[in-house]
Amino acid sequence: MPKTFRGVFTVMITPIDEDGKVNLPALAAFTDWQIREGVHGLIPLGSTGEFLSLSDQDWDDVARTVIQSAAGRVPVLIGTGAEDTREAVRLSCKAEALGADGVMIIPPFYSTPTDDELVTHYQTIARSISIPIMVYNNPATSNVDMKPELLARIAEIDGCDYVKESTLEVTRIRDIVRLAGDKMTPFGGILGFESFVMGAQGWVAVASNVAPAAMSRIFTLAADEKKYDEARALYLKWLPIIQAVGGQAYVAGSKALLNHMGFAAGSPLPPRLPLPSEQDAAMKALVERFGLSFSQN
């Protein structure tokens, strides 16, 4: 039986060594640290993982390393988005063969497909695998906005059971719940606390790369314990970290924070650049302010 996905899922960075290669030992250690810190799930090879800048071999190595290091302790969803439906099918089949619990799939990000083309895209992928699909709506990066009415159509596809809703419109979660019912479980993307209040059952978070325990606690307080005032207070406390990895610096900012925490995240892959020195210093100050650190023990 497929695992049920719920809670805070870290959309993971991909650590890079000094030679510009994927640092697999660091990735294994990072996976273990995330789980020990209490995150509920892991998603490598998403946008934060720089999937479009990795070779086929890198993709294989990253997926395999996270799945093997997690060792069934938490669900692992692999990002399998691609511009070509056939390539998304190939990657999704490979993810399933490697032992992934599910896949997260952003829509084709250049061709600006129609609603019917998007439905067919996800139908084709869903028919090729037996693990759940988390549909990923992020119009800022994909140039495609899958609104709740379209997501309700996609929810009718067997296997398209989850959605990461990554706009700044909190009513999107409300309307996905209203229109798709129990056929599609929504996760927040950019919005965490706000999405929980509107019925999201999880958060695909960037900030949990650096503060997995705190982000997971926000979810538990709001979604499980219904302690909304406490959850809001904790959310507002950690908002500087959440904002630091938002916007265009989500990769470089996350890696800068982790590097200052003592984890060998390395630099972003081109065309991305490391943060300018002034911004990097601000990240170091945040690490010191929040007492953030990485420990392998």
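What counts, and at which threshold
- Residues numbered from 1 in each chain as written.
- Predicted model: local features only at pLDDT ≥ 70, side-chain atom pairs only at ≥ 80, totals over all residues.
- Heavy atoms only, no water.
- Helix = DSSP H or I, 4+ residues; strand = E, 2+ residues; numbered from the N terminus.
- Rg over C-alpha atoms; globule rule 2.2 N^0.38 Å.
- Buried < 20%, exposed > 50% of the residue type's maximum accessible area, 1.4 Å probe, protein only.
- Contact = heavy atoms within 4.5 Å.
- Areas by Shrake-Rupley, 256 points an atom, 1.4 Å probe, with all protein chains shown as cover.
- Core = buried A, V, L, I, M, F, W, Y, C linked by side-chain atoms within 4.5 Å.
- Salt bridge = Lys/Arg side-chain N within 4 Å of Asp/Glu carboxyl O.

Colleague: Even after reading the chapter, I still don't get the overall build of the chain, so can you show me in this structure?
Modeller: The helix and strand tally for the chain stands at twelve helices and eight strands. Computed over C-alpha atoms, the radius of gyration of the chain comes to 18 Å, within 12% of the 19 Å expected from 2.2 N^0.38 for 297 residues, which places it in the range of a compact globule. Counting all 297 residues of the chain, 56% fall into the buried class. For the chain, restricting intrachain contacts to residue pairs at least 6 apart in sequence, the fraction spanning at least 24 positions comes to 70%. By element, 51% of the accessible surface of the chain is carried by carbon and sulfur atoms, the whole surface being about 12,600 Å².

Colleague: For this particular structure, what's the right way to read the nonpolar core?
Modeller: Formed by 107 residues in total, the largest nonpolar core has its most connected members in Ile133, Val135, Ile154 and Met215. Dropping the residues within four chain positions of it, Val135 is found in contact with Ile105, Tyr122, Met146, Leu151, Ile154, Cys160, Tyr162, Val163, Lys164 and Met184.

Colleague: Can you help me understand unusual backbone geometry in this one?
Modeller: What you tend to see is this: most non-glycine residues have negative phi, and most peptide bonds are trans. Residues Pro270 and Pro271 are joined by a peptide bond in cis, for which omega reads 15°. The backbone of Leu45 shows a phi angle near 70°, a positive value even though the residue is not glycine. Relative to the helices and strands, Leu45 resides in the loop between strand E2 (41-43) and helix H2 (56-70). Given a relative accessible area of 2%, Leu45 falls into the buried group. Positive phi values are uncommon outside glycine, yet Glu50 reaches one of about 60°. Looking at where Glu50 falls in the secondary structure, it is placed in the loop between E2 and H2.

Colleague: Can you help me understand the pattern of salt bridges in this one?
Modeller: Two side chains that carry opposite charge are able to pair once their charged atoms sit near each other. Applying the stated criterion across every chain, the model contains 19 salt bridges. Of the charged contacts in the structure, one is a salt bridge between Arg90 and Asp56, with a shortest N-O distance of 3.9 Å. With Arg90 in helix H3 (residues 85-98) and Asp56 in helix H2, this residue pair connects regions lying 34 residues apart in the sequence. Residue Arg90 is classed as partly exposed on the basis of its relative accessible area, which comes to 33%. Here the salt bridges do not stand alone but share partners, grouping Asp32, Arg36 and Arg73 into one network.

Keep in mind these numbers describe shape, not what the thing actually does.
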